Amino acid sequence: MEEQKNNPLHGKTLEMILVLLVDHYGWEELGDRIRINSFTHNPSIKSSLTFLRKTPWARKKVEDLYLKTFA
């Protein structure tokens, strides 16, 4: 556990991060900030999580926006 003490995302799930961002920004603004189709075309938590788990660059953008917004 010592190696994780400086990781601000430790203990936070991708789903929790995404839900917080959607609640804060809404799908439309989130899609404007991070241009991925799962945020702009028929968005849902489930489809977005599926895409983000398979696409490291998109996940990094979501995690970075979370840190910028809430940290």
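Here, the structure is the one placed above.
Residues numbered from 1 in each chain as written. Predicted model: local features only at pLDDT ≥ 70, side-chain atom pairs only at ≥ 80, totals over all residues. Heavy atoms only, no water.

Asks: I'd like a description of helix α3 (residues 45–54), backed by residues and values.
Replies: The set of residues buried in α3 consists of S48, L49 and L52. Each buried residue of α3 lies within a common arc of 100 degrees when the element is viewed along its axis, so the set occupies one face. Turned more than 90 degrees away from the buried face of α3, the exposed residues are K46 and K54. Check the buried side of α3 and you find it contacts α1 (14–33), α2 (37–40) and α4 (56–70). (Buried < 20%, exposed > 50% of the residue type's maximum accessible area, 1.4 Å probe, protein only. Helix = DSSP H or I, 4+ residues; strand = E, 2+ residues; numbered from the N terminus. Arc of directions from axis to C-beta. Contact = heavy atoms within 4.5 Å.)

Asks: How would you sum up the packing of α1 against α4? Please name residues and give values.
Replies: One way to put it is that α1 packs onto α4 with a least axis distance of 10 Å and a crossing angle of 95 degrees. Considered as vectors, α1 and α4 are oriented roughly perpendicular to each other. Touching L14, I17, L20, L21, H24, Y25, L30 and R33 of α1 are R59, V62, L65, Y66, T69 and F70, all from α4. Class assignment for the residues of the contact of α1 with α4 results in ten nonpolar, two polar and two charged. (Axes fitted to C-alpha atoms, helices over the stretch in contact; angles between N-to-C directions. Parallel < 35°, antiparallel > 145°, perpendicular 65-115°, else oblique. Nonpolar A, V, L, I, M, F, W, Y, C, P; charged D, E, K, R; others polar.)

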